[in-house]
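Structure at a glance
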Amino acid sequence: MIDKAIMKMPETKRMMLLLAGFSFLQAVFIIGQAYYLAKAITGLWGGGLLEEQWQFLLGFFLFYAGRHIITFFRDQQLDNFSYKASRELREQLLTKIFRLGPVVVQKEGTGNIVTMALEGIHQTENYFQLILMKMINMMVIPWIILAFLFTLDIRSAVILLIVFPIIIVFMIILGYAAQSKADKQYKAFQLLSNHFIDSLRGLDTLKLFGLSKKYADSIYSTSERFREATMSTLKIAILSTFALDFFTTLSVAVVAVFLGLALLNGQIILFPALTTLILAPEFFLPIRDFAGDYHATLDGKNAFQAIHSVLELPEASQTEQLTLPEWSATDKLFVQNLSFTYPEQERSTLKELSFSVEGLQKVGIIGASGSGKSTLINLLTGFLTPESETSFLLNNQALPHMAQQDWQKQILYIPQNPYVFQDTLANNIRFYTPEATDEQVAKVIQLVGLDELTAELPNGIETVIGESGRMLSGGQAQRVALARAFLDAQRRILIFDEPTAHLDIETEVELKEKMLPLMENHLVFFATHRLHWMKEMDFILVMNEGRLVEWGTLPELLEKNGYYVSLIQEMRGESDE
């Protein structure tokens, strides 16, 4: 049940030793509690006065209080450990996603990643709390109680010793069934998360084409599959709890019957019999507690394994002893025989691309959907690693990939769908420059045309936007991304990946006026399928089916009358030429 990866986490072994100590003390207090309670009852049964039993009652209350004090401190230590471990896990997950870039989000699904970072971390925190405590209790407490029971009544102790592994085997069988159901439930939950987020993103488009009802039905059917998977898992969970309660109650009843017969036959006196009967339910309590939370531990385990699978994704390592210059007008980047194939695909996405860029210029990357533009962008940003380690040459210095800190810290990346965090508008704009003042933020807000939005917000730039806050339109989100870029005057490399693909033409034209001044005195890579942007580019790369089929300035491409001209004809409905 305990995932091996938990043992590799910091302080896990220390916490397990601490929990083992707490469990040992709990077992001692449970035995002391039962011992003094039995002493008090047998004293009264033997005709003693209540006043004469005060020392036994005091002993019972002291051990009872000690048991719960130990539980309080144990839970406090476990809460601190679980919170710290889950917080570190969230930081590792977000750092990993940030380093891998949009590639991992596209692969895993936006909804799945968001659910993993929010609900998944919460489930993992519960998993840390439950699995460690329940497992340690089950491994320590029953056996200390059983050892004490052997000193009271060997026959009862043997009965409990025989029944315990039978219950364990039965729970393992039901556990495998519950694990299978829980896996299906988690997969259904991932599918529902991705489907729901994707549908919300495209709601305006779905309404425009009259497909919103169809997708509503699709979401309903997906949620029904998740409901059915959840109910199926709960059936197994309820069945296992019922079976465990039945067998443990039956076992205690069998012990009680044998103790009663032994008392009637004079084979045992009341005190050891009563103490044994009080301790018998306590013997099964740890396994009953474990079974009661078994479903929650399965959810947490699935979430933890999903998070860990992302953390184990390979990423390009930083090249040692490498120092790259800040990009300037004299720097050159050579791309030679650049190829890339996604693991799940058989044929190459990019095939032997070769080109070079120099200084501060605007490089347009044009091509139809699926031509490899985004893959090239992800390679240039370092989010993907090329097949060859000699594909990049920066100022005659060979680079195995572009996932170099000195390169990436110079990049401003603006994707199709910029992410808006659940934070204030000002902090969202300060993404690249957290030290920027309110005056600087207000200046770029006016520059990108967000002043009207700011005037509408109840708290101005301190209004919370994003999830659980003021939602932004696609155009407003792009303006936030542009404001981030305008606010950072140090980074000299701008990389745009279809930044206006989901905007209407009026919004795009308005944003274009804001974006063009930003591109001055920068190295710009601008991937798009909108042909009117090519008029603004100094150099154009034309892609088709993963190959670089043409390159040059706009007049040169028009003069060639080749693939670019045919692309214009095919896209004439989207072009303003």
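Residues numbered from 1 in each chain as written. Predicted model: local features only at pLDDT ≥ 70, side-chain atom pairs only at ≥ 80, totals over all residues. Heavy atoms only, no water.

This part takes up the overall build of the chain. What the chain contains, in helices and strands, is 19 helices and 12 strands. When the 577 residues of the chain are sorted by exposure, 49% land in the buried category. Across the chain, the fraction of contacts at a sequence separation of at least 24, relative to all contacts at a separation of at least 6, is 76%. (Helix = DSSP H or I, 4+ residues; strand = E, 2+ residues; numbered from the N terminus. Buried < 20%, exposed > 50% of the residue type's maximum accessible area, 1.4 Å probe, protein only. Contact = heavy atoms within 4.5 Å.)

Bringing the nonpolar core into the picture now. Within the largest apolar cluster, 85 residues are counted, with the highest numbers of intra-cluster contacts made by Leu333, Leu376, Trp407, Ile429, Phe496, Phe525 and Tyr564. Counting residues per element, this core draws most heavily on helix 16 (residues 474–487), which supplies eight residues. Listed in part, the 62 residues of the second largest apolar core include Ala34, Leu89, Leu100 and Leu152. (Core = buried A, V, L, I, M, F, W, Y, C linked by side-chain atoms within 4.5 Å.)

With that settled, the discussion passes to the packing of aromatic side chains. For the coordinates displayed, the defined rule picks out 19 aromatic pairs. Judged by centre distance (5.1 Å) and plane angle (75°), the rings of Trp143 and Phe164 are edge-to-face. Linking Trp143 in helix 5 (residues 110–152) with Phe164 in helix 6 (residues 154–201), this pair joins segments that are 21 residues apart in sequence. Relative accessible area serves as the criterion here: at 37%, Trp143 is assigned to the partly exposed category. Pairing Trp327 with Trp407 gives two aromatic rings, centres 6.2 Å apart and planes at 80°, and the pair type is edge-to-face. Residue Trp327 is found in the loop between helix 10 (294–311) and strand 1 (332–340), and its partner Trp407 is found in helix 12 (residues 405–408); the two are separated by 80 residues along the sequence. The two residues Trp327 and Trp407 agree in class, both being buried. The structure contains a cluster of three or more aromatic residues connected by ring pairs, namely Phe29, Tyr35, Tyr36, Phe63 and Phe271. Taking the ring centre of Phe431 as reference, the NZ or CZ of Arg484 above it sits at 5.2 Å. Stacked on the ring of Trp551, the Lys or Arg Lys560 has its end atom at 5.9 Å from the ring centre. (Phe/Tyr/Trp six-rings, centres within 6.5 Å; stacked < 30°, edge-to-face > 60°. Lys NZ or Arg CZ within 6 Å of the ring centre and 35° of its normal.)

For the chain, mean pLDDT is 82; residues scoring 70 or higher make up 82% of the total. Confidence, read as mean pLDDT per element, is least for helix 7 (residues 203–208) in the chain (56) and greatest for strand 3 (residues 362–366) (94). (pLDDT = per-residue confidence, 0-100.)

What follows deals with the sheet that holds strand 2 (residues 350–358). Strand order in the open sheet made by the four strands is 2-1-4-5, with antiparallel pairing throughout. Strands with a single pairing partner mark the edges of an open sheet, and in this sheet they are strand 2 and strand 5 (397–399). On average, each strand axis in the sheet is tilted by 15° relative to the strand beside it, whichever way the strands run. (Pairing = 2+ DSSP bridges. Axes fitted to C-alpha atoms, helices over the stretch in contact; angles between N-to-C directions.)

This part takes up a nonpolar patch on the surface. Nonpolar side chains collect at one region of the surface, where Trp143, Phe150, Ile154, Val158, Leu161, Ile162 and Ile166 lie side by side and expose about 620 Å² of accessible area between them. Contributions of two or more residues to the nonpolar patch are made by helix 5 and helix 6. The element that contributes the greatest number of residues to the nonpolar patch is helix 6, accounting for five residues. Looking at the element boundaries, Phe150 is found in helix 5. (Patch = residues over 30% accessible without salt bridge, like charges linked within 9 Å, V, L, I, M, F, W, Y side chains within 5 Å. Areas by Shrake-Rupley, 256 points an atom, 1.4 Å probe, with all protein chains shown as cover. Salt bridge = Lys/Arg side-chain N within 4 Å of Asp/Glu carboxyl O.)

As a further point, take the sheet that holds strand 3. Hydrogen bonds between backbone groups are what pair the strands of a sheet, and the pairing can be parallel or antiparallel. Strand order in this open sheet of six strands is 6-9-10-3-11-12, and the pairing throughout is mixed. The outermost strands of the open sheet, each flanked by one partner alone, are strand 6 (411–414) and strand 12 (547–552). Ignoring which end each strand starts from, the neighbouring axes of this sheet average 15° apart. Two strands pair when backbone bridges link them, and strand 11 (residues 539–544) and strand 12 are joined in this way by five bridges, in the antiparallel orientation.

By the criterion of burial, strand 9 (residues 493–497) is predominantly enclosed, with five of the five residues buried. Here strand 9 shows no split at all, with Ile493, Ile495 and Asp497 on one side and Leu494 and Phe496 on the other all buried. Relative to strand 9, strand 6 is paired through four bridges, and the arrangement is parallel. Residue Ile411 lies in a different strand from strand 9, and its bridge partner there is Ile493. As defined by bridge partners, strand 9 adjoins strand 10 (residues 523–528) across five bridges and the pair is classed as parallel. Looking at the pairing, Phe496 lines up with Phe526 of strand 10.

Its place among the elements puts His522 in the loop between helix 17 (505–519) and strand 10. From its side chain, His522 meets the backbone oxygen of Arg491 in a polar contact 3.2 Å long. Apart from the residues lying within four places of it in its own chain, the contact partners of His522 are Leu360, Gln361, Arg491, Arg492, Ile493 and Leu494. (Polar contact = N/O pair within 3.5 Å; in protein donor to acceptor, adjacent residues only side chain to side chain.)

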